[in-house]
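# Remarks on the overall topology
Letter by letter, the chains look like this.
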Amino acid sequence: PYYDDDGNIIVLQTRYIGEMRDAPRFQFIGGRTDCVFNLPILQNLCDNDDLYISEGVTDCLSLLSDGKNAIAIPSASNIPERVLDTLTKFKLHMYPDNDEPGMNAFMALRHKLMERGCYLRGESLPDGFKDFSEYYIHKQKNGEEGTKQD
């Protein structure tokens, strides 16, 4: 479920797990696709608290499981302007996916935030990991702690 600022459910996201290759992987019940996952966490944060932004719910859940404050955006080009304005009071971090689309999304979001006078810090994943979720699973299996920062 995706919640608004007041904690009301505004949309449900599902993931297609069937065998049709051309089916969209994610579906949004309720029609909205510009929602931010875990938005109510912002109400519990203070100015200058660390906040991690992920491009996807799975990475967000991994960040939360790793003890980090996190939200997930639908995409760098589809984040609501009012949410961007709300984020400027936090210390923002992002682990971009280790591929060209992931880096492009990070740079687009960083640019949007810089226009608002806010810096988005890029965090680096160790080599060989596609995204934070994959790295988090590895850490759990191997009892590792910590991540490398740029």
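Residues numbered from 1 in each chain as written. Predicted model: local features only at pLDDT ≥ 70, side-chain atom pairs only at ≥ 80, totals over all residues. Heavy atoms only, no water.

### Examining empty space enclosed by the protein
Summed over all chains, the structure comprises 2 cavities of 30 Å³ or more. Each pocket or cavity is described by its volume, and for the largest cavity that value is around 70 Å³. Listed by contribution, the elements that provide at least two residues to the lining of the largest cavity are strand E4 (50-54) and helix H1 (57-65). In terms of residue class, the lining of the largest cavity is built from 5 nonpolar, 2 polar and 3 charged. (1 Å grid on protein atoms, 1.4 Å probe; cavity = no way out; pocket = protein on both sides within 12 Å on 5 of 7 lines; lining within 4 Å. Points joined across faces, edges and corners; volume = space filled by probe spheres on them. Helix = DSSP H or I, 4+ residues; strand = E, 2+ residues; numbered from the N terminus. Nonpolar A, V, L, I, M, F, W, Y, C, P; charged D, E, K, R; others polar.)

### Digging into a nonpolar patch on the surface
On the surface, Ile9, Leu12 and Ile29 cluster together into a nonpolar patch covering about 280 Å² of accessible area. Within the element layout of this structure, isoleucine 9 appears in strand E2 (residues 9-15). Here isoleucine 9 falls in the exposed class, since its relative accessible area comes to 52%. (Patch = residues over 30% accessible without salt bridge, like charges linked within 9 Å, V, L, I, M, F, W, Y side chains within 5 Å. Areas by Shrake-Rupley, 256 points an atom, 1.4 Å probe, with all protein chains shown as cover. Salt bridge = Lys/Arg side-chain N within 4 Å of Asp/Glu carboxyl O. Buried < 20%, exposed > 50% of the residue type's maximum accessible area, 1.4 Å probe, protein only.)

### Brief notes about the sheet that holds E4
A sheet is described by the order of its strands in space; here 4 strands give the open sequence E5-E4-E6-E7, paired in parallel fashion. Strands with a single pairing partner mark the edges of an open sheet, and in this sheet they are strand E5 (70-72) and strand E7 (120-122). Across this sheet, the average inter-strand angle for adjacent strands is 30 degrees, counted without regard to direction. Of the pairings in the sheet, the one linking strand E6 (residues 91-94) to E7 comprises 3 bridges and is parallel in character. The residue of E7 that forms the bridge with histidine 93 is arginine 121. Sheet contacts for H1: E4 and E5; angle to E5, the most-contacted strand, approximately 175 degrees. (Pairing = 2+ DSSP bridges. Axes fitted to C-alpha atoms, helices over the stretch in contact; angles between N-to-C directions. Contact = heavy atoms within 4.5 Å.)

Remember that the coordinates give geometry; whether it matters functionally is a separate question.
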